[in-house]
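# A look at the structure
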Amino acid sequence: MSQLPRGPYKVVDHAESFEVVDADGYNIAYIYFDLTNDEVSRRVRRRLTKAQSRAIVECLLSAGCPASPADDALPRR
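Definitions and limits used
- Residues numbered from 1 in each chain as written.
- Predicted model: local features only at pLDDT ≥ 70, side-chain atom pairs only at ≥ 80, totals over all residues.
- Heavy atoms only, no water.
- Salt bridge = Lys/Arg side-chain N within 4 Å of Asp/Glu carboxyl O.
- Helix = DSSP H or I, 4+ residues; strand = E, 2+ residues; numbered from the N terminus.
- Buried < 20%, exposed > 50% of the residue type's maximum accessible area, 1.4 Å probe, protein only.
- Expected span 1.5 Å × (residues − 1).
- Arc of directions from axis to C-beta.
- Phe/Tyr/Trp six-rings, centres within 6.5 Å; stacked < 30°, edge-to-face > 60°.
- Lys NZ or Arg CZ within 6 Å of the ring centre and 35° of its normal.
- Polar contact = N/O pair within 3.5 Å; in protein donor to acceptor, adjacent residues only side chain to side chain.
- Contact = heavy atoms within 4.5 Å.

### Structural notes on the pattern of salt bridges
In total, this model carries six salt bridges according to the counting rule given. Across the pair Asp-13 and Lys-50 runs a salt bridge, and its minimum N-O distance is 3.8 Å. Residue Asp-13 is found in strand β1 (residues 10-13), and its partner Lys-50 is found in helix α2 (residues 50-62); the two are separated by 37 residues along the sequence. A residue is classified by how much of its surface remains accessible, and Asp-13, at 46% relative accessible area, is partly exposed. By relative accessible area, which is 38% here, Lys-50 ends up partly exposed. Connected through shared salt-bridge partners, Glu-16, Asp-34, Arg-45 and Arg-47 make up one network.

The structure is reproduced here in structure tokens:
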């Protein structure tokens, strides 16, 4: 049986992603975003905006995420 990730968690801001790391240094999540303001390009690459990615990180850290994200939170296929 695997153990749950231990807090406190650290957020590492990379060029096009946020990385969430637990107290033991294990990667919990990578949340990628697109820096361009071109919505078409962002949808083609299936990337979030930086603000959307940050909101997901904050949600993960607070453990207050709803079971399913809002319809406008994720890019459409």
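There's more to say after this.
### Section: α2
When the terminal C-alpha atoms of α2 are compared, their 18 Å separation across 13 residues agrees well with the 18 Å that a helix rising 1.5 Å per residue should span. When we look at burial in α2, the residues that qualify are Ser-53, Val-57 and Cys-59. Taken end-on, α2 shows its buried residues confined to a sector of 160 degrees, consistent with a single buried face. Summarising the geometry of α2, the exposed residues directed more than 90 degrees from the buried face are Ala-51 and Ser-62.

### Let's talk about the packing of aromatic side chains
Tallied over the entire structure, the rule returns two aromatic pairs. Centroid distance Phe-18 to Phe-33: 5.1 Å. Interplanar angle 45 degrees. Geometry classified as tilted. In this pair, Phe-18 sits in strand β2 (residues 17-21) while Phe-33 sits in the loop between β3 (27-32) and α1 (39-45), placing the two residues 15 residues apart along the sequence. Comparing Phe-18 with Phe-33 shows no difference in burial state: the two are buried. The ring of Phe-18 carries Arg-54 above its face, with NZ or CZ at 4.6 Å from the centroid.

### A look at the side chain of Asp-34
Structurally, Asp-34 is set in the loop between β3 and α1. Side-chain polar atoms of Asp-34 contact the backbone nitrogen of Thr-36, separated by 2.8 Å. Among all residues touching Asp-34, those that are not within four sequence positions of it are Ser-41, Arg-42, Arg-45, Arg-47, Leu-48, Thr-49 and Lys-50.

### A few points about the environment of Ile-31
Its place among the elements puts Ile-31 in strand β3. By relative accessible area, which is 9% here, Ile-31 ends up buried. Separated by 15 residues in sequence, Ile-31 and Glu-16 have C-alpha atoms that sit 8.6 Å apart. Not counting residues up to four positions away in its chain, the partners in contact with Ile-31 are Glu-16, Ser-17, Phe-18, Val-20, Leu-48, Ser-53, Ile-56, Val-57 and Leu-60.

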